[in-house]
Amino acid sequence: MADWVEACAVGDVEEEDVIRFDHGGRTFAIYRSPDDEFFATDGYCTHEKTHLADGLVMDEIIECPKHNGRFNYKTGQAKGAPVCVNLATYPVKVEAGKVMIQI
Amino acid sequence: MTTMARKRDYSLVGESTRRAIETGLASAEWYHTDVPRKAMKELMQRSDGPAIRDTIIWIAAILGSAAGIVWFWGTWWVVPFLLVYGVLYGSSSDARWHECGHGTAFRTRWMNDVVYHIASFMLMRNPVQWRWSHARHHTDTIIVGRDAEIAVMRPPDLLKAALAFTGILDFRYSLPTLVRQAFGRLSDDEKSYIPEMEFNKAVVAARWHVAIYVATIALAIVLRSWIPLVLIGLPRLYGTWHMVTTGLLQHIGLADNVVDHRLNTRTVYMNPVSRFIYWNMNYHVEHHMFPMVPYHALPRLHELIKHDLPEPNPSMWHAYREVWPVLLRQLKYEDFYLKRELPPTARPYRGEFHELDMSAAAE
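Residues numbered from 1 in each chain as written. Chains lettered and ligands numbered in written order. Predicted model: local features only at pLDDT ≥ 70, side-chain atom pairs only at ≥ 80, totals over all residues.

A. Structural context of the overall build of chain A. For chain A, the count of helices and strands is 0 helices and 10 strands. Ordered by position from N to C terminus, the α and β elements of chain A give β-β-β-β-β-β-β-β-β-β. Relative to the 2.2 N^0.38 estimate, which gives 13 Å for 103 residues, the radius of gyration of chain A is 13 Å and therefore close to what a compact globule would have. Projecting the C-alpha coordinates of chain A onto the three principal axes gives extents of approximately 40 × 30 × 20 Å. Looking at chain A as a whole, 39% of its 103 residues are labelled buried. Pairs at least 24 residues apart make up 38% of the contacts formed inside chain A by residues separated by at least 6 positions. (Helix = DSSP H or I, 4+ residues; strand = E, 2+ residues; numbered from the N terminus. Rg over C-alpha atoms; globule rule 2.2 N^0.38 Å. Buried ≥ 20, exposed ≤ 12 C-beta atoms within 10 Å, placed from the backbone. Contact = placed C-beta atoms within 7 Å.)

In structure tokens:
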């Protein structure tokens, strides 16, 4: 059974941005979209072990800082070379000003 | 610190490859200058405006100089037009290929892709293969046995380096490579960095390129004129010198097998014309450290982090004068290299990160 875990406060992530969240020996990326929704994915790029939280959020795209590989962070879909493998995504909810992810 | 006791093996599937993986040099964590997230976010922002402006100028200059070649063909007046067209086709295309390959030139993805494919064709580069080779170059910059884009290997072959300015060697390599790939054959080195699911795309891209060259040759025969070939294909020979002049300076003579771009990459101040042709890639340390930053923001990034970087070379001439004696020394002692000195404001190199023999460095 997956657990809901508090990842951060709502105010920790700026609009159209991403932060890193480490939990249980794993790393995740928490996104805040331009329309003020929150999303979560695995923290590392599927191409190489690079933290996506250092990358750039543009609309619904996260771009990896190392090789500019792009994913749709809402669906995890890889958008073309050099990323070929989709990103795992996780359910997110906001409760009392806290961003919770189910992992 | 250890030194490379054996000769370097630049194959991507050989002994150096095995050692790079074993020692953790492959896919390592690289040094980055600290930049506040807010500032980096601003620098990374994409915009179509600067690249659209520059691309309009670029295309207009290409078409204008091509028209001049056709108009003045058979007279001496054609020479300046050949010079301009050649550099635009054979050199500036490299910077467009590079920036659009990173996807940073334009904000709009399809614009990056269109210019990337046009520039790849001009350079006789398979767009699929080279996208992957460049990804590897950023993962393992100047790591022997891993980096597919090391321009001058050690010990340096100076004749080969000199011939590079004429484009002859690149032409001799690129065209047969495209033909081989068009027949469905990828080399072991290519297969080491292109994922299997992309093999077919690479073959199809090579076939398109070869088909256009065949059509150009056919047109030249039908017209009984050299002009089609002078405009398509041959600029790779007569216009490549600027790309080589600027591009060689990126890493030549500096350290290899280190995981700090300040040690293996060079920033050189250049004149505005060269910077337009090269799309600001003279800020090369900055580009490697932060490949997400578009070419038009690199001067701002440079100002922000220069306190942590080696002093840039003030000119291309200065950089070549500095590197020439290093190359001569490397002919006899290939471990020799130029160590970039850091300013007092910089964070020091982390020795434990680097498989370097500092005694081999020229300071």
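B. The interface of chain B and chain A, seen in detail. Each side of the interface is counted separately: chain B has 17 residues, and chain A has 14 residues. Going through the elements one at a time, helix H2 (37–44) and helix H6 (127–139) of chain B are the ones with two or more residues in the side of chain B that touches chain A. Broken down by element, the residue count for the side of chain B that touches chain A peaks at 5 residues, all from H6 of chain B. For the side of chain B that touches chain A, a count of residues per class yields 7 nonpolar, 6 polar and 4 charged. (Nonpolar A, V, L, I, M, F, W, Y, C, P; charged D, E, K, R; others polar.)

C. Spatial organisation of the nonpolar core. Of all hydrophobic cores here, the largest spans 80 residues; its most connected members are Val18, Ala29, Ile30, Tyr31 and Ile62 of chain A together with Val293 and Leu301 of chain B. Per-element tally for this core: the top contributor is helix H4 (residues 78–102) of chain B, with 7 residues. Contacts of valine 18 of chain A, omitting those with residues within four sequence positions, involve Ala29, Ile30, Tyr31, Leu52, Ala53, Gly55, Val57 and Ile62 of chain A. Counting 14 residues, the second largest nonpolar core, distinct from the first, contains Ala81 of chain A together with Trp132, Leu178 and Tyr193 of chain B. (Core = buried A, V, L, I, M, F, W, Y, C linked by C-beta atoms within 7 Å.)

D. Region of interest: the sheet that holds strand E5 (residues 56–58) of chain A. Residue and element names in this part refer to chain A. A sheet is described by the order of its strands in space; here 3 strands give the open sequence E5-E6-E7, paired in antiparallel fashion. Looking at which strands have only one partner, the edges of the open sheet turn out to be E5 and strand E7 (70–72). Taking each pair of neighbouring strands and ignoring which way they run, the sheet shows an average axis angle of 25 degrees. In this structure, strand E6 (residues 61–63) lies alongside E7, joined through 3 bridges in antiparallel fashion. Across the sheet, residue isoleucine 62 finds its bridge partner in E7, namely phenylalanine 71. (Pairing = 2+ DSSP bridges. Axes fitted to C-alpha atoms, helices over the stretch in contact; angles between N-to-C directions.)

E. Just the packing of helix H3 (residues 49–72) of chain B against H4 of chain B, in detail. All names here are of chain B. At a minimum axis separation of 8 Å, H3 and H4 run at an interaxial angle of 140 degrees. It follows from the interaxial angle that H3 and H4 lie oblique. The handedness of the crossing between H3 and H4 comes out as left-handed. Mapping the contact onto sequence places Trp58, Ala61, Ile62, Ser65, Ala66, Gly68, Ile69 and Phe72 in H3 and Val78, Phe81, Leu82, Val84, Tyr85, Leu88, Tyr89 and Ser92 in H4. Considered class by class, the residues forming the contact of H3 with H4 number 13 nonpolar, 3 polar and no charged. (Parallel < 35°, antiparallel > 145°, perpendicular 65-115°, else oblique. Left-handed = near helix turned anticlockwise from the far one by under 90°.)

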